[in-house]
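Each chain, written out:
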There are 2 protein chains.
Amino acid sequence: MRFHGFFRSGAAWRCRIAFALKGVTPDFVPVHLRRGGGEQKTPAYRALNPQGLVPTLEVDGHALTQSLAILEWLEETIPEPAFLPKDPFERAEVRAFALVIAADIHPICNLRVLNHLKDPLGHSQDEVDAWYRHWNVLGLEALEAIAVRNAGKGRFVFGDTPGMAEICLAPQLGGARRFGVDLAAFPRLVEVEAACNALPAFANAVPGKQPDAEA
Amino acid sequence: MRFHGFFRSGAAWRCRIAFALKGVTPDFVPVHLRRGGGEQKTPAYRALNPQGLVPTLEVDGHALTQSLAILEWLEETIPEPAFLPKDPFERAEVRAFALVIAADIHPICNLRVLNHLKDPLGHSQDEVDAWYRHWNVLGLEALEAIAVRNAGKGRFVFGDTPGMAEICLAPQLGGARRFGVDLAAFPRLVEVEAACNALPAFANAVPGKQPDAEA
């Protein structure tokens with residue numbers, strides 16, 4: 001297995017947590033999203049990932065893309081420890097939580113969108129940061145409400161084991177903190193994050209500990 | 001089952017196709033996204049869907065949200081006709097295709113994002129339309145490349161039956177056309193769309209045929 005990622009990509013960060021939880025250790029291929037106009041835009045990389053985005057997981061001649069599809073593939077091929085509960089309603093709840101982040105927060109605040117707001121749209125760094133915080137706060141408010149409603153179930157959002165919800169939550173809170181989102185309004189999410197970061201799979205996946213990390 | 005949606009929402013549109021393919025007919029509850037500042041923002045609706053977005057599927061006391069989570073729930077509870085192939089690699093490919101749309105095109109071009117670009121950011125309607133087209137074209141280019149690579153497999157993207165890929169593709173192309181995206185650059189996608197629209201499940205799910213449709 002070869003994993004193409006970037007230390008700061010939230011989607012790659014999800015996959016790093018997932019690999020560690022499932023006990024797989026792909027070789028890492030850094031794809032620098034800024035250097036040389038973006039290594040993810042080269043023809044060689046686009047042959048693997050036509051979107052020119054990270055991450056990509058190469059395995060047995062297949063190039064798997066989209067972090068949530070990679071998480072589902074891991075879940076189907078390495079069932080334990082499970083990322084999803086067994087009951088279809090509960091699975092839908094966990095997937096919906098993950099999608100609030102993976103569909104409705106992260107892509108709107110992705111590097112390529114932030115860059116587009118600056119050039120060609122001409123927004124200042126302050127305006128770009130405000131954009132990031134706006135969509136994060138909207139999403140995190142919904143997630144906090146869901147997490148509070150489920151708080152009786154255990155240390156994590158939906159029980160006593162982390163899964164797809166936490167795999168998406170921890171990187172998003174990391175990004176939010178970096179952009180100055182005030183997390184005081186989301187105490188349950190921060191509590192879950194602390195429970196996550198007590199586990200090596202989460203603690204070792206943070207951007208600062210990756211081989212391609214920069215200050 | 002009660003389905004809360006809006007005729008023009010791409011995410012609700014996906015669910016309508018999926019219900020028809022699986023042979024379920026939930027009662028429809030219209031949620032008007034513009035009237036009265038947006039019916040999706042009322043406390044009553046947010047109790048079902050904390051994000052205040054459509055769609056929501058109420059079933060057996062559960063409120064399922066996020067269209068892709070609803071599709072996966074349908075797939076798990078009503079296996080036939082299948083939305084996903086059996087092989088894990090193929091499932092990952094189909095899910096990735098769906099996620100290019102559901103994560104990396106649609107949420108960036110959603111009504112709430114377009115509204116935000118106008119107010120508070122002050123962009124004109126022309127600039128907002130250009131934003132919509134920019135992110136659609138980027139995503140559709142990747143999808144066309146994937147679809148061309150798989151074209152030998154059948155009438156649809158990954159074979160001779162429609163599934164999660166087409167359920168996401170058809171509404172996105174509908175939206176793209178409405179915003180003036182030139183689809184001539186995506187002949188394989190348009191060909192797949194035509195094969196979709198030959199099926200009643202797709203043809204009857206278009207916005208113009210819904211009870212809450214407006215001109």
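Residues numbered from 1 in each chain as written. Chains lettered and ligands numbered in written order. Predicted model: local features only at pLDDT ≥ 70, side-chain atom pairs only at ≥ 80, totals over all residues. Heavy atoms only, no water.

## So, the pattern of salt bridges
And step 1. As enumerated under the stated definition, the model contains 24 salt bridges over all chains in all.
And step 2. Put simply, glutamate 58 of chain A and arginine 2 of chain A hold a salt bridge, and the shortest N to O gap is 3.0 Å. Taken together, the positions of glutamate 58 of chain A in strand β3 (residues 56–59) and arginine 2 of chain A in strand β1 (residues 2–5) put the pair 56 residues apart, joining distant regions of the chain.
And step 3. What makes glutamate 58 of chain A partly exposed here is its relative accessible area of 22%.
And step 4. Residue glutamate 72 of chain B pairs with arginine 95 of chain A through a salt bridge whose shortest N-O separation is 3.8 Å. Taken together, the residues span two chains, with glutamate 72 of chain B in helix α3 (residues 67–77) and arginine 95 of chain A in helix α4 (residues 88–102).
And step 5. With relative accessibility at 6%, the residue glutamate 72 of chain B sits in the buried group. (Salt bridge = Lys/Arg side-chain N within 4 Å of Asp/Glu carboxyl O. Helix = DSSP H or I, 4+ residues; strand = E, 2+ residues; numbered from the N terminus. Buried < 20%, exposed > 50% of the residue type's maximum accessible area, 1.4 Å probe, protein only.)

## Observations concerning the packing of aromatic side chains
And step 1. Counted under the stated rule, the structure contains 13 aromatic pairs over all chains.
And step 2. Relative to phenylalanine 89 of chain B, the ring of tryptophan 73 of chain A has its centre 5.6 Å away and its plane inclined at 25 degrees; by these criteria the two rings are stacked. With tryptophan 73 of chain A in helix α3 (residues 67–77) and phenylalanine 89 of chain B in helix α4 (residues 88–102), the pair connects residues from two separate chains. Taken as a pair, tryptophan 73 of chain A and phenylalanine 89 of chain B share a single burial class, namely buried. (Phe/Tyr/Trp six-rings, centres within 6.5 Å; stacked < 30°, edge-to-face > 60°.)

## Some details on the sheet that holds strand β4 (residues 62–65) of chain A
Residues and elements named next belong to chain A.
And step 1. If you trace the 4 strands from one edge of the open sheet to the other, you get β2-β1-β3-β4, paired in mixed fashion. Looking along the sheet, the strands with just one partner apiece sit at the ends: β2 (27–30) and β4. With strand direction ignored, the average angle separating the axes of adjacent strands in the sheet is 20 degrees.
And step 2. Across the sheet, α3 is in contact with β3 and β4; its angle to β4 comes to roughly 120 degrees. (Pairing = 2+ DSSP bridges. Axes fitted to C-alpha atoms, helices over the stretch in contact; angles between N-to-C directions. Contact = heavy atoms within 4.5 Å.)

## Things to note about the sheet that holds strand β1 (residues 2–5) of chain B
Two orientations exist for strands paired in a sheet by backbone hydrogen bonds: parallel and antiparallel.
Residue and element names in this part refer to chain B.
And step 1. In spatial order, the strands read β2-β1-β3-β4; together these 4 strands make up an open sheet with mixed pairing. The open sheet has two free edges, formed respectively by β2 (27–30) and β4 (62–65), since each of these has just one partner strand. Sheet twist, expressed as the mean angle between neighbouring strand axes with direction ignored, is 20 degrees.
And step 2. Examined bridge by bridge, β1 and strand β3 (residues 56–59) share 3 bridges and lie antiparallel to one another. By the bridge assignment, histidine 4 is partnered in β3 with threonine 56.
And step 3. Lying over the sheet, α3 contacts β3 and β4, oriented at roughly 120 degrees with respect to β4.

## Things to note about unusual backbone geometry
Note: most peptide bonds trans; most residues except glycine with negative phi.
And step 1. That bond from aspartate 119 of chain A to proline 120 of chain A is cis: its omega, 20 degrees, falls within 30 degrees of zero.
And step 2. Mapped onto the elements of the fold, proline 120 of chain A is located in the loop between α5 (111–118) and α6 (125–149).
And step 3. If you check the backbone angles, aspartate 60 of chain B has positive phi at about 50 degrees while not being a glycine.
And step 4. Checked against the element boundaries, aspartate 60 of chain B lands in the loop between β3 and β4.

## Focus on the relation of the copies chain A and chain B
And step 1. Between chain A and chain B, the superposition needs a rotation of 180 degrees and an axial shift of 0.0 Å, giving an RMSD of 0.0 Å. Both copies are brought into coincidence by an operation consistent with a two-fold rotation axis. Distance from the rotation axis, computed per C-alpha, reaches its smallest value in chain A at alanine 103 of chain A: 2.1 Å.
And step 2. A share of 100% of the interface residues of chain A reappears at the interface of chain B, consistent with the copies meeting face to face through the same patch. (Least-squares fit on C-alpha atoms with pLDDT ≥ 70 in both.)

## Things to note about the interface of chain A and chain B
And step 1. With 44 residues of chain A at the interface, the matching set in chain B holds 44 residues.
And step 2. A buried area of about 4,000 Å², summed over both sides, lies between chain A and chain B, and 68% of it is on carbon and sulfur atoms.
And step 3. In this assembly, chain A and chain B are joined by 6 salt bridges.
And step 4. The interface formed by chain A and chain B contains 15 residue pairs in polar contact (both at pLDDT 80 or more).
And step 5. Considering each element in turn, the side of chain A that touches chain B owes the most residues, 9 residues, to α4 of chain A.
And step 6. Here the side of chain A that touches chain B is built from residues that sort into 27 nonpolar, 8 polar and 9 charged. (Buried area = accessible area lost by both parts, 1.4 Å probe. Polar contact = N/O pair within 3.5 Å; in protein donor to acceptor, adjacent residues only side chain to side chain. Nonpolar A, V, L, I, M, F, W, Y, C, P; charged D, E, K, R; others polar.)

## Considerations on the domain arrangement of chain A
All names here are of chain A.
And step 1. Domains assigned within chain A are domain 1 (2–80 + 203–209) and domain 2 (88–200).
And step 2. Between domain 1 and domain 2, the C-alpha centre-to-centre distance is 19 Å.
And step 3. Listed by partner, the interface residues are 16 residues for domain 1 and 18 residues for domain 2.
And step 4. Summed over both partners, the interface of domain 1 with domain 2 comes to about 1,700 Å²; 65% of that surface belongs to carbon and sulfur atoms. (Domains from an automatic or database assignment.)

## Structural notes on the packing of helix α7 (residues 164–178) of chain B against helix α8 (residues 187–197) of chain B
Residues and elements named next belong to chain B.
And step 1. Contact geometry for α7 and α8: axes closest at 10 Å, N-to-C directions at 110 degrees. With respect to α8, the element α7 is oriented roughly perpendicular. The handedness of the crossing between α7 and α8 comes out as left-handed. Contacts from Glu166, Leu169, Ala170, Leu173, Gly174 and Arg177 of α7 reach α8 at Leu189, Val190, Val192, Glu193 and Cys196.
And step 2. For the contact of α7 with α8, the class distribution of residues is 7 nonpolar, 1 polar and 3 charged. (Parallel < 35°, antiparallel > 145°, perpendicular 65-115°, else oblique. Left-handed = near helix turned anticlockwise from the far one by under 90°.)

## Considering the side chain of glutamate 166 of chain B
Residue and element names in this part refer to chain B.
And step 1. Structurally, glutamate 166 can be placed in helix α7.
And step 2. Buried charge without a partner: glutamate 166 forms no salt bridge, and the closest opposite charge is arginine 188, 7.3 Å away.
And step 3. Look past the residues within four positions of glutamate 166 in its chain and what remains in contact with it is Phe156, Val157, Phe158, Thr161, Pro171, Val192, Cys196 and Phe202. (Lys, Arg positive; Asp, Glu negative; His and termini not counted.)

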